[in-house]
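Residues per chain are reported as follows:
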Amino acid sequence: PNNGERETWFWPIYPPSLVAAIVAYMCMPLAQGKKIILDPYFDYRDIDLEIMHYEPNSTGLVPVFFESLIESKRIPEDYGMSYLKVLGFGAEALPRKLINRVEEFTKKHNCNAQLNGGYGNSEGGSEMTIAFTNEILKSGSSGFPLINTIVSVFELGTENELGYGEVGEFCKAGPGIMLGYANKEDTDRTIRVHSDGKKWLHTGDLGYITKEGFVCVWQRGY
């Protein structure tokens with residue numbers, strides 16, 4: 001949330017097809033009153049120079065940007081990056097080995113930035129959850145559902161809603177659900193109106209929700 005300070009959000013180049021780049025990395029920071037630096041025309045191998053130049057408080061990077069940053073020979077050994085408070089990642093999964101390397105890199109440069117990742121897909125408006133507390137990484141989750149968004153777990157392919165801690169299919173109700181696929185059969189299988197009258201997006205992804213409300217993803221589905 002907005003803490004009264006106008007923090008800086010660095011938005012480097014992303015593939016234009018990424019809905020998440022617009023929703024999570026532009027609309028949300030604007031809604032929070034952050035100063036956004038748009039920088040779409042640099043070589044990704046110069047991500048180190050860009051971050052050292054702008055000294056952002058938060059940014060979101062794709063895995064290849066993290067790799068380039070860690071492998072940089074231009075960042076001095078004693079260079080401090082304490083200005084970075086949040087490091088987001090997206091576009092594709094960040095392997096555990098790379099997460100460990102990123103954490104080693106930030107600690108080495110006196111940076112306590114929290115590494116954050118949410119959960120979602122293009123069919124569901126990109127983002128369904130947001131990670132914003134230190135408890136997220138401890139729980140191994142992808143955070144809490146966004147405002148006005150209902151994320152629930154159902155027995156695979158049914159309307160049978162499961163309880164906390166039970167593994168099933170993630171489904172979403174709320175804004176941002178796609179209109180449908182080009183194929184009606186796929187649309188009818190994926191978007192269904194349940195007996196509660198709500199339109200639910202069946203993601204095919206498996207996982208569970210904790211009693212605290214954390215969304216924990218196990219694996220991607222169909």
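Bear in mind that the values here come from a model prediction, so they are computed numbers and not experimental data.

Below, the discussion takes up the overall build of the chain. Looking only at helices and strands, one finds six helices and 12 strands in the chain. Counting all 222 residues of the chain, 45% fall into the buried class. In the chain, the share of contacts with a sequence separation of at least 24, taken over all contacts with a separation of at least 6, comes to 63%. Of the accessible surface of the chain, which amounts to about 12300 Å², a share of 53% is contributed by carbon and sulfur atoms.

Note: α-helices contain 3.6 residues per turn, so residues at a spacing of three or four share the same orientation. For helix α4 (residues 96-108), which comprises 13 residues, the first-to-last C-alpha distance of 18 Å matches the rise-based estimate of 18 Å (1.5 Å per residue) to within 8%. Every buried residue of α4 is listed here: L98, I99, V102, F105 and T106. Buried residues in α4, looked at end-on, bunch into an arc of 125°, giving them a common side. Opposite the buried face of α4, at more than 90 degrees from it, the exposed residues are R96, K97, E104 and K107. In this structure, the buried side of α4 is in contact with α3 (63-71), β4 (86-89) and β5 (114-116). Note on α4: the residue one or two positions beyond its end, N110, has a positive phi of about 55°.

Remark on secondary structure: sheet strands pair via backbone hydrogen bonds, oriented parallel or antiparallel. Across the sheet, five strands lie side by side as β2-β1-β3-β4-β5; this open sheet has parallel pairing. On the outer flanks of this sheet lie β2 (35-39) and β5, each paired with one strand and no other. Averaged over all neighbouring strand pairs, the angle between strand axes comes to 20°, with direction disregarded. Sheet topology places strand β1 (residues 8-12) next to β2; five bridges connect them, and they run parallel. Within β2, the residue paired with T8 across the bridge is K35. Sheet contacts for helix α2 (residues 47-54): β1, β2 and β3 (58-61); angle to β1, the most-contacted strand, approximately 160°.

The next thing to look at is the side chain of E169. If you trace the backbone, E169 turns up in strand β9 (residues 168-173). Buried within the structure, E169 lacks any salt-bridge partner; R192 is the closest side chain of opposite charge, at an N-O distance of 5.6 Å. A distance of 3.2 Å separates a polar atom in the side chain of E169 from a polar atom in the side chain of H202. Polar side-chain contacts of E169 include one of 2.9 Å to the backbone nitrogen of G204.

Below, the discussion takes up the environment of C111. Take C111: it is sitting in the loop between α4 and β5. Distance in space between the C-alpha atoms of C111 and M81 is 5.1 Å, their sequence separation being 30 residues. In contact with C111, other than residues within four places in its own chain, are M81, S82, L84 and T106.

The next thing to look at is the pairing of β9. Of all the six residues making up β9, six are buried; the element is thus mostly covered by neighbouring parts of the structure. Two strands pair when backbone bridges link them, and strand β8 (residues 150-154) and β9 are joined in this way by five bridges, in the antiparallel orientation. Across the sheet, F154 pairs through a bridge with E169, a residue of β9. Where β9 lies against strand β11 (residues 199-209), four bridges are found, and the strand directions are antiparallel. Looking at β11, one finds that K172 is bridged to L201.

Rules behind the numbers
- Residues numbered from 1 in each chain as written.
- Predicted model: local features only at pLDDT ≥ 70, side-chain atom pairs only at ≥ 80, totals over all residues.
- Heavy atoms only, no water.
- Helix = DSSP H or I, 4+ residues; strand = E, 2+ residues; numbered from the N terminus.
- Buried < 20%, exposed > 50% of the residue type's maximum accessible area, 1.4 Å probe, protein only.
- Contact = heavy atoms within 4.5 Å.
- Areas by Shrake-Rupley, 256 points an atom, 1.4 Å probe, with all protein chains shown as cover.
- Expected span 1.5 Å × (residues − 1).
- Arc of directions from axis to C-beta.
- Pairing = 2+ DSSP bridges.
- Axes fitted to C-alpha atoms, helices over the stretch in contact; angles between N-to-C directions.
- Lys, Arg positive; Asp, Glu negative; His and termini not counted.
- Salt bridge = Lys/Arg side-chain N within 4 Å of Asp/Glu carboxyl O.
- Polar contact = N/O pair within 3.5 Å; in protein donor to acceptor, adjacent residues only side chain to side chain.

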